[in-house]
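Spelled out, the chains give:
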Amino acid sequence: GETLAGVIEGSPEAWHNVFRISNILVQPEYRRRGLAEQLLRRAVSDARQQGRRGLVLTCKDKLVHYYARLGFVSEGISNKSVHGGAVWYQMRLVL
């Protein structure tokens, strides 16, 4: 059978016409193989085909550079994400 190695969870935000990514999940045995990047590139392609203005996500400081490498721009510390007592940064990719 087939194995689900990774998935992106998210939803469209109609009022901004963007796709908000809430989770990028990759099974531990499939990490460090570029799968998250492949999933993100597919999400970008899908958003572009749907006529979205961009994609938005939040991440911890240690991943800001990773998403920046893929074209996302940091909008600073998010005031929406407060879970886990961590500091979260909002990242946006404009299409």
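Located above this text is the structure these notes cover.
Residues numbered from 1 in each chain as written. Predicted model: local features only at pLDDT ≥ 70, side-chain atom pairs only at ≥ 80, totals over all residues. Heavy atoms only, no water.

(A) Summary view of the packing of aromatic side chains. The tally for this structure, following the rule as stated, stands at two aromatic pairs. Each ring, one from Tyr66 and one from Tyr67, has its centre 5.1 Å from the other, and the planes form 80 degrees; the classification is edge-to-face. A relative accessible area of 9% places Tyr67 in the buried class. Arranged with centres 5.9 Å apart and planes meeting at 75 degrees, the rings of Tyr67 and Phe72 form a pair that is edge-to-face. (Phe/Tyr/Trp six-rings, centres within 6.5 Å; stacked < 30°, edge-to-face > 60°. Buried < 20%, exposed > 50% of the residue type's maximum accessible area, 1.4 Å probe, protein only.)

(B) Inspection of the nonpolar core at higher detail. In terms of nonpolar packing, the biggest core is built from 17 residues, with Ile21, Leu40, Leu55, Leu57, Tyr67, Phe72 and Met91 touching the most fellow members. Secondary-structure elements contributing two or more residues to this core are strand S2 (18–26), helix H1 (35–49), strand S3 (54–60), helix H2 (64–69) and strand S5 (88–94). The element that contributes the greatest number of residues to this core is H1, accounting for four residues. Those residues in contact with Leu40 that lie beyond four places of it in its chain are Ile8, Ile21, Ile24, Tyr66, Tyr67, Leu70 and Phe72. (Core = buried A, V, L, I, M, F, W, Y, C linked by side-chain atoms within 4.5 Å. Helix = DSSP H or I, 4+ residues; strand = E, 2+ residues; numbered from the N terminus. Contact = heavy atoms within 4.5 Å.)

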